[in-house]
Amino acid sequence: MQLSDYKSYRETNIIHGANGFLCRLCTKVISHKGDIKRHFMDRHMVRDLMFTCPGCSKLFTAKNSFTSHVYRNHPQFKGIDFMEFATKIKSE
Ligand SMILES: [Zn+2]
Ligand SMILES: [Zn+2]
């Protein structure tokens, strides 16, 4: 599935339940409303993102290789919010 629009993702795939917000794409429950967008960016839009390494400014298109690069080469950045270093590739 290719998702590019957070608004339509939220409208069609987020169910507001008793315990929080349920993502229908991966059945994860998100307890805070403010975390929905991060979840979407993190889980369902990774292919459209590029990551800039905070340690050496190297660019990555896959979050997995980016995080393992940071963990291996820049352990001082462990625990940071990696989405802070993501930029959207698509310019629509
Ligand atoms: Zn999800
Ligand atoms: Zn680096």
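Whatever comes next refers back to the structure up there.
Residues numbered from 1 in each chain as written. Chains lettered and ligands numbered in written order. Predicted model: local features only at pLDDT ≥ 70, side-chain atom pairs only at ≥ 80, totals over all residues.

## A few points about the nonpolar core
To keep it simple, the criterion reads: Buried Ala, Val, Leu, Ile, Met, Phe, Trp, Tyr and Cys residues whose C-beta atoms connect them within 7 Å together make up a nonpolar core. Think of it as a crowd count around each C-beta: if 20 or more other C-beta atoms lie within 10 Å the residue is buried, if 12 or fewer it is exposed, and in between it is partly exposed, with C-beta placed from the backbone throughout. C-beta atoms are placed from the backbone for every residue, and two residues are taken to be in contact when these atoms lie within 7 Å.
Counting residues in each nonpolar core, the largest one holds five residues, listed as Leu-49, Phe-51, Phe-66, Val-70 and Ala-86. Setting aside chain neighbours within four positions, we find Leu-49 in contact with Ala-86, Thr-87, Lys-88 and Ile-89.

## Section: the pairing of strand 4 (residues 49-52)
To keep it simple, the criterion reads: Strands here mean DSSP runs of E at least two residues long; helices mean DSSP runs of H or I at least four residues long; both are numbered from the N terminus. We call two strands paired when DSSP finds no fewer than two bridges between them.
Judged by which residues are buried, strand 4 turns out to be one-sided: Leu-49 and Phe-51 face inward and are buried, whereas Met-50 and Thr-52, on the alternate face, are not. Two elements, strand 4 and strand 6 (residues 86-88), share three bridges in a ladder whose sense is antiparallel. Bridging across to strand 6, Leu-49 finds its partner in Lys-88. Across two bridges, the pairing between strand 4 and strand 5 (residues 59-60) is antiparallel. Its bridge partner being in strand 5, Phe-51 is matched across the sheet by Phe-60. Hairpin connection, strand 4 to strand 5: the antiparallel pair is bridged by six residues, and Ser-57 has positive phi, about 65°.

## Re the pairing of strand 1 (residues 14-17)
Sheet topology places strand 1 next to strand 2 (residues 20-23); four bridges connect them, and they run antiparallel. When the sheet's bridge partners are listed, Gly-17 is paired in strand 2 with Gly-20. What sits between the antiparallel neighbours strand 1 and strand 2 is a turn of two residues.

## Brief notes about helix 3 (residues 63-73)
Applied cut-off: By arc we mean the arc of the directions from the helix axis to the C-beta atoms, nothing more.
Of all the positions in helix 3, only Lys-63, Phe-66 and Val-70 are classed as buried. All buried residues of helix 3 fall inside an arc of 65° around its axis, so they share one side. Residues of helix 3 that are exposed and point over 90 degrees away from its buried face: Asn-64, Ser-65, Ser-68, Tyr-71 and Arg-72.

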